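Fold and geometry: a report
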Amino acid sequence: MIPGTFPFATLKKTRGSGHVIEGSGLFNGGANFLTRTTNSSPTSETIGTFEFIMKRAGLGAVSTDQVIMETGDGASNRGIISFNGTDDYLRVLQKVSGSATLDIQLTGVWRDPSAYIHCVIALDSSQSGTNKCKIYVNGVQQTDFRANTATATGNLIFFDGSETQEISKRPEYSSGYLNAYISRFCMIDGQALAPTDF
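So, here is what we can say about the structure in this document. These numbers were taken from a predicted model, which means no experiment stands behind them. (Residues numbered from 1 in each chain as written. Predicted model: local features only at pLDDT ≥ 70, side-chain atom pairs only at ≥ 80, totals over all residues. Heavy atoms only, no water.)

**Regarding the pairing of strand β4 (residues 47–56)**
- Counting buried positions along β4 yields 10 of 10 residues, so the element is predominantly enclosed.
- Taking every second residue as pointing to the same face, both faces of β4 are buried, with Ile47, Thr49, Glu51, Ile53 and Lys55 on one and Gly48, Phe50, Phe52, Met54 and Arg56 on the other.
- As judged from the 9 bridges shared by β4 and strand β14 (residues 179–189), these two strands associate in the antiparallel manner. When the bridges of β14 are listed, Arg56 appears paired with Ala180. (Buried < 20%, exposed > 50% of the residue type's maximum accessible area, 1.4 Å probe, protein only. Helix = DSSP H or I, 4+ residues; strand = E, 2+ residues; numbered from the N terminus. Pairing = 2+ DSSP bridges.)

This is how it looks when you write it as structure tokens:
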């Protein structure tokens, strides 16, 4: 789990008639975010997994992507997991020196604000092609992509122990805020895990 500050978001048990997992954090599309700078050596910077359970609270038709998690030292070197701002598809992007070395965009869209979704993103830069980034939604590996660039080798910015990691915000900007409930968010370095591991 990523500890950090949770200065503005609220914890909700219910909202309207929809189900909310007790203890979920509500990121309401405003200035709500969690932040963490590790300043420690990770187990591995080439392999790791993100796992989260979330429910969308607000959908597309915004000018910027909604950031689930981002890390890096600016627009040229960053790792980001986000929803596209207009079409609501999930994207995993890593840029190194301004060039995309991972750019995975799912074809499916995330537009159901009534259902929680379990997502696992397993990254391993030593693998080839689509095995570098495996995305599982509700236990099913996703294989249909709008874009699938996977040329990353060596260290992944996502697991760099010296970078600030933020949930629901871009570290270098005050934008890209997420509008969703998150009931769990895990980052595991050193292992590319499957949904059955959670």
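**Looking at unusual backbone geometry**
- Non-glycine residue Ser97 carries a positive phi angle of around 50 degrees.
- Inspection of the secondary structure assignment puts Ser97 in the loop between β7 (89–96) and β8 (99–109).
- When its relative accessible area of 63% is taken as the criterion, Ser97 is described as exposed.

**Looking at the nonpolar core**
- In terms of nonpolar packing, the biggest core is built from 33 residues, with Phe50, Leu90, Ile121, Leu123 and Ile135 touching the most fellow members.
- Counting only elements with at least two residues in this core, the list comes to β4, β5 (66–72), β6 (78–83), β7, β8, β9 (117–124), β10 (133–137) and β14.
- Every residue in contact with Phe50, bar those within four places of it in the chain, is listed here: Met69, Ile81, Cys119, Val120, Ile121, Leu123, Phe158, Phe159, Phe185, Cys186 and Met187.
- In terms of nonpolar packing, the next biggest core, distinct from the first, is built from 5 residues, Leu26, Ile53, Tyr116 and Tyr181 among them. (Core = buried A, V, L, I, M, F, W, Y, C linked by side-chain atoms within 4.5 Å. Contact = heavy atoms within 4.5 Å.)

**Describing the sheet that holds strand β3 (residues 34–37)**
- Taken together, 7 strands build an open sheet; the order of strands is β3-β13-β5-β6-β7-β8-β12 and the sheet is antiparallel. Lying at the two open borders of the sheet, with one neighbouring strand each, are β3 and β12 (145–150). Mean inter-strand twist for the sheet, computed between neighbouring axes without regard to direction, equals 10 degrees.
- By the bridge criterion, 6 bridges tie β5 to β6 in an arrangement that is antiparallel. In the sheet register, Val67 faces β6, and the bridge partner there is Ser82. (Axes fitted to C-alpha atoms, helices over the stretch in contact; angles between N-to-C directions.)

**Quick notes on the side chain of Lys132**
- As for its position among the elements, Lys132 is in the loop between β9 and β10.
- In this structure Lys132 is buried but unpaired, with Asp124 as the nearest side chain of opposite charge at 7.3 Å.
- Among all residues touching Lys132, those that are not within four sequence positions of it are Leu102, Ala122, Leu123, Asp124, Ser125, Gln127, Ala150, Thr151, Ala152 and Thr153. (Lys, Arg positive; Asp, Glu negative; His and termini not counted. Salt bridge = Lys/Arg side-chain N within 4 Å of Asp/Glu carboxyl O.)

**Considerations on the pattern of salt bridges**
- The tally for this structure, following the rule as stated, stands at 5 salt bridges.
- Asp88 is the salt-bridge partner of Arg111, the closest N and O atoms lying 3.2 Å from each other. One end of the pair, Arg111, is in the loop between β8 and β9; the other, Asp88, is in the loop between β6 and β7, with 23 residues separating them in the sequence.
- Judged by its relative accessible area of 45%, Arg111 falls in the partly exposed class.
- Residue class for Asp88 comes out buried when judged on its relative accessible area of 3%.
- Salt bridges sharing partners connect three or more residues here, namely Arg56, Asp88 and Arg111.

**Points about the packing of aromatic side chains**
- In the structure shown here, the tally under the stated rule is 6 aromatic pairs.
- With 5.5 Å between their ring centres and 20 degrees between their planes, Phe50 and Phe159 make a pair best called stacked. Residue Phe50 is found in strand β4, and its partner Phe159 is found in the loop between β12 and β13 (164–167); the two are separated by 109 residues along the sequence. Of the two residues, Phe50 and Phe159, both sit in the buried class.
- Taken together, a centroid distance of 6.5 Å and an interplanar angle of 50 degrees make the contact between Phe158 and Phe159 tilted.
- Exposure remark for Phe158: the relative accessible area of 0% places this residue in the buried category.
- Overall, the relative accessible area of 1% leaves Phe159 in the buried class. (Phe/Tyr/Trp six-rings, centres within 6.5 Å; stacked < 30°, edge-to-face > 60°.)

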